[in-house]
Amino acid sequence: MRKLLILPIFLLIAFGCAPRPDTSTSEPAPATTADQASAPIWRAELNLGPRALPFNFTFDPEVADPEMVVHNAAERLKIDDIRREGDSIHFRMPFFDSEIHAILAGDSLSGIWHNRARTNENRLSFTAQQNDERRFIHPEVTPQADLSGKWEVTFVHEEIDTSQAIGQFAQSGNALSGTFRTPTGDYRYLEGRVDGDQLYLSCFDGAHAFLFEAQLQEDGQLAGGFWSGAHWYESWSAKRNPEFTIAHPDSLTFLREGYTTVEFAFPNVDSQIVSLQDERYRGKVVLVEVMGTWCPNCMDETALLDELHAELHAEGLEVISLAFEMKDDFAYARGNVQRMIAAYDLPYEVLIAGRAGRKTAGAALPQLNHVMSYPTTLFVDRKGEVRRIHTGFSGPATGEVYERLVIDFRKFVRELLDEQPA
């Protein structure tokens, strides 16, 4: 079982892979060679229009088989699908169907990031400078406060659409890291700094391109802006509130009255139709993951489901992933799914369920009241009945929240495995 190095996610459609809609461990990734271990660090920027989104990566263009390793706080995202054509370099993300195309000129790179998961505003200009380990370039000023802790956050889009989240930050001197948790997942690894009364955070992982800015107010609250790529902006505010909670992810999606299970039949990458009602799943505990290869939160959950499958398959656990992709094109979807299967070396079925969207997901699983988030996970017992539905996924960037979720998932699956088959 090979583990992909996204160490511990956004398609911005009308319901989302956790964060806002529009439309592993946290250990550093080991370098594969001594050359890779000493690869120089780069400072990159994506042009969002009103702002530039910075991030860092390591990359040595002088070695024969280079790797790009993107840094977001504790996360190390390894990209080894790199193609050279003279001075042109193409960095292809592991599965998010996005690429960086750049020209190398001395110690600088310039080009575009092309995110094919989006249909508009899906190309952002990209620049990078070698041997610059800074992320945000601002004069270093002693922070006016330590922002570490739990915050009650309100996001507002166009002064109408409002949502809430939990902000959790850790600050050491000027350095700041953290994430935002919503009822449907987290914003993954954010890294930045605090200078005086100003907060800056960013993340780039091939799907997310997040930038947060805020100013500390006289009353101790935060107020600022959030950019997701060049297509989405929200204002946000926050106040310290260690008691603030959000809706429980098990309370958001449920079976319609009269149903005890779900029924589906979709093709796998070999065009073979697979159903939950197939004989091989009879008497087994099955985790059904509603996901998409474009969704970083889904990849965080896939890493966990792969781990649980390896640990508990011999006791009767099966996993089926239903991939809803960005185009209603089987060949396109199959290519993305095959790359994900290869990246994780998945031993279980990943089915191509259709195009991502509220209506298509709801039509594919009409027994559910709705599918409001990717991922959504159904726990099916040995009798074939759905016993629990978990909406969204809080990944490794959430720290103790993720650790408790892993314990909870494992405990509940073991309880289902201990039950006798019908």
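See the structure shown above.
Fair warning: this is a prediction, and the values are worked out from it, not measured in the lab. (Residues numbered from 1 in each chain as written. Predicted model: local features only at pLDDT ≥ 70, side-chain atom pairs only at ≥ 80, totals over all residues. Heavy atoms only, no water.)

## What about the sheet that holds strand 21 (residues 285-291)?
And step 1. As summarised here, the arrangement of the five strands in space is 23-22-21-24-25, forming an open sheet in which the pairing is mixed. Looking at which strands have only one partner, the edges of the open sheet turn out to be strand 23 (349-355) and strand 25 (386-391). Mean inter-strand twist for the sheet, computed between neighbouring axes without regard to direction, equals 20 degrees.
And step 2. Bridge count between strand 24 (residues 376-380) and strand 25: five bridges; the pairing is antiparallel. Across the sheet, the residue bridging to Val380 is Val386, located in strand 25.
And step 3. Along the sheet face, helix 2 (residues 296-312) touches strand 21, strand 22 (317-325) and strand 24 and points at about 165 degrees away from the line of strand 21. (Pairing = 2+ DSSP bridges. Helix = DSSP H or I, 4+ residues; strand = E, 2+ residues; numbered from the N terminus. Axes fitted to C-alpha atoms, helices over the stretch in contact; angles between N-to-C directions. Contact = heavy atoms within 4.5 Å.)

## Thoughts on the pattern of salt bridges
And step 1. Enumeration over the complete set of coordinates arrives at 25 salt bridges.
And step 2. The partner of Arg43 in a salt bridge is Glu45, and the shortest N-O contact between them spans 2.9 Å.
And step 3. Through salt bridges with shared partners, one network takes in Glu307, Glu311, Glu315, Arg410 and Arg414. (Salt bridge = Lys/Arg side-chain N within 4 Å of Asp/Glu carboxyl O.)

## Structural notes on helix 5 (residues 400-418)
And step 1. In this model, helix 5 (19 residues) spans 27 Å end to end at C-alpha, consistent with the 27 Å of a helix rising 1.5 Å per residue.
And step 2. Looking at helix 5, one finds that the buried residues are Val401, Tyr402, Leu405, Val406, Phe409, Arg410, Phe412, Val413, Leu416 and Leu417. The buried residues of helix 5 occupy an angular sector of 165 degrees when projected down its axis, which confines them to one face. Counted as exposed and oriented over 90 degrees from the buried face of helix 5: Glu400, Arg404, Ile407, Lys411 and Asp418. (Expected span 1.5 Å × (residues − 1). Buried < 20%, exposed > 50% of the residue type's maximum accessible area, 1.4 Å probe, protein only. Arc of directions from axis to C-beta.)

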